[in-house]
Amino acid sequence: EDKVVQSPLSLVVHEGDTVTLNCSYEVTNFRSLLWYKQEKKAPTFLFMLTSSGIEKKSGRLSSILDKKELSSILNITATQTGDSAIYLCAVEANTGTASKLTFGTGTRLQVTL
Amino acid sequence: KAGVTQTPRYLIKTRGQQVTLSCSPISGHRSVSWYQQTPGQGLQFLFEYFSETQRNKGNFPGRFSGRQFSNSRSEMNVSTLELGDSALYLCASSLRSDAQFRNTEAFFGQGTRLTVV
């Protein structure tokens, strides 16, 4: 059974700090790894990482995929209170004729003043 | 471009009842996936539909079912509700090609918060 584990489960940081969120996975027929930010209800897409694109950056956020270690990290520099959210990692795997997303339980980030 | 729309937003049902949730995907998206999110379990995959066909199914009992219509709108049904079915049900749509699988992100709706009492 495909498995995605995120750590830490929760963390609290001060505004301006840098944080690193971790995601490790065990899946069969890996296709891609995705990061989402969930503030209230709808998760919003952040990054997709594949074998051909193992590093992505957008503003203060960046992510790296380590296919050898079957893991990924999401970095947030100079954190702001607006970064407070649950960060979800999901892995897409082939299932023959289709693909499936398996999510981790998420990391709850709280940024305080 | 309108996003993924889920209705209703909130729902309270009693044990034993059944419920139908609706999801309208982004225009042009043909794949619709359903997820159940609870504090302890995180996001759990329920099923995926593409072109009115169920392509993937998660590990949920047969009380959970779904369907997709020709306009790509999808419904999810839960029969004989149990207290443990209380959760946020999220729908996600994505642009998929059944001829060539291209990695693409899924766009989520706001979800339906179901409470079973």
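Please read all numbers here as calculations on a predicted model, not as lab measurements.

Conventions we followed
Each chain has its residues counted from 1, running along the sequence as written. Chains carry letters from A onward and ligands carry numbers from 1 onward, assigned in written order. Local features in this predicted model are restricted to residues whose pLDDT is 70 or higher, and side-chain atom pairs enter the listing and the counts only when it is 80 or higher, whereas totals over whole chains, interfaces and linings include all residues. Side-chain metrics rest on all non-hydrogen atoms present in the structure, leaving aside hydrogens and water. Helix and strand assignments follow DSSP, with helices taken as H or I runs no shorter than four residues and strands as E runs no shorter than two, numbered in order from the N terminus. We compute the radius of gyration from the C-alpha atoms alone; for a globule the expected value is 2.2 Å times N to the 0.38, where N is the number of residues. Two residues qualify as a contact provided that any one of their heavy atoms is within 4.5 Å of a heavy atom in the partner residue. The charge count treats Lys and Arg as positive and Asp and Glu as negative. His and the chain ends do not count. The atom standing in for a charge is NZ when the residue is Lys, CZ when it is Arg, CG when it is Asp and CD when it is Glu. A simple way to read buried area is as the amount of 1.4 Å-probe accessible surface that goes missing from two parts once joined, with both sides added. In what follows, salt bridge is the name for a side-chain nitrogen of Lys or Arg lying within 4 Å of a carboxyl oxygen of Asp or Glu. Strands are treated as partners if at least two bridges between them are detected by DSSP. Throughout, an axis means a line fitted to C-alpha atoms (over the contacting stretch in the case of helices), and angles, computed between N-to-C directions, take values from 0 to 180 degrees. A pair of cysteine sulfur atoms is labelled a disulfide when the two atoms are within 2.5 Å. Counted as a polar contact is a pair of N or O atoms within 3.5 Å, where, for protein atoms, one must be capable of donating a hydrogen and the other of accepting one, and residues adjacent in sequence contribute only when both atoms are in side chains. Planes of paired rings set the category: under 30 degrees apart is stacked, over 60 is edge-to-face and the rest tilted, where pairs are Phe, Tyr or Trp rings (Trp by its six-membered ring) whose centres lie within 6.5 Å. Comment: the charge-over-ring label is applied if NZ (Lys) or CZ (Arg) is within 6 Å of the ring centre and within 35 degrees of the ring normal.

## Points about the overall build of chain B
- In terms of regular secondary structure, chain B is built from 0 helices and 11 strands.
- The C-alpha atoms of chain B give a radius of gyration of 14 Å, which matches the 13 Å a tight globule of 117 residues would have.
- Seen through its C-alpha atoms, chain B measures out along the principal axes to roughly 45 × 30 × 25 Å.
- Within chain B, contacts between residues at least 6 apart in sequence are counted, and of these 56% link residues at least 24 apart.
- If you average the places of the 13 positive and of the 7 negative side-chain charges in chain B, the two averages end up 4 Å apart.

## Quick word on unusual backbone geometry
- That bond from A:Ser7 to A:Pro8 is cis: its omega, -10°, falls within 30 degrees of zero.
- By the element assignment, A:Pro8 lies in the loop between strand E1 (3-7) and strand E2 (10-14).
- For the bond running from B:Thr7 to B:Pro8, omega is -10°, close enough to zero to count as cis.
- If you trace the backbone, B:Pro8 turns up in the loop between strand E1 (5-7) and strand E2 (10-13).
- Of note in the backbone geometry, A:Asn29 takes a positive phi value of approximately 60° without being a glycine.

## A short note on the interface of chain A and chain B
- Taken together, the contact between chain A and chain B spans 23 residues of the former and 26 residues of the latter.
- Both sides together, the interface formed by chain A and chain B hides about 2,000 Å², and carbon and sulfur atoms give 52% of it.
- In terms of surface lost to chain B, no three residues of chain A exceed A:Arg31, A:Lys41 and A:Phe103, which account for 30% of the buried area on that side.
- Across the contact surface, chain A and chain B share 0 salt bridges.

## Observations concerning the sheet that holds E1(A)
Residue and element names in this part refer to chain A.
- Strands sit in the order E1-E3-E8-E7-E6 across an open sheet of 5 strands; the sheet is antiparallel. Each edge of the open sheet carries a strand with a single partner, namely E1 and strand E6 (55-58). Direction aside, neighbouring strands of the sheet carry axes that sit 15° apart on average.
- By the bridge criterion, 4 bridges tie E6 to strand E7 (residues 61-66) in an arrangement that is antiparallel.

## Let's talk about the state of the cysteines
All names here are of chain A.
- The tally for this structure, following the rule as stated, stands at 2 disulfides over all chains.
- What pairs with Cys-23 in a disulfide is Cys-89, and their sulfur atoms sit 1.9 Å apart. On the S-S bond that ties Cys-23 to Cys-89, the torsion sits near -65°, and the link is left-handed. Separated by 66 residues along the polypeptide, Cys-23 in strand E3 (residues 19-26) and Cys-89 in strand E9 (residues 85-94) bring together distant segments of the chain.

## Concerning the side chain of A:Thr79
Residue and element names in this part refer to chain A.
- Checked against the element boundaries, Thr-79 lands in the loop between strand E8 (71-76) and E9.
- Separated by 3.3 Å, the side chain of Thr-79 and the backbone oxygen of His-14 make a polar contact.
- Among all residues touching Thr-79, those that are not within four sequence positions of it are Val-13, His-14, Glu-15, Gly-16, Asp-17, Val-19, Arg-60 and Val-111.

## Quick notes on the packing of aromatic side chains
- Under the defined criterion, the tally for this structure stands at 10 aromatic pairs over all chains.
- Linked through ring pairs, A:Tyr36, A:Phe45, A:Phe103, B:Tyr35, B:Phe45 and B:Phe108 together constitute an aromatic cluster.
- The lysine or arginine in question, B:Arg55, covers the ring of B:Phe50, its NZ or CZ lying 4.5 Å from the ring centre.

So, to be careful, I would describe these as geometric facts and stop short of saying anything about function.
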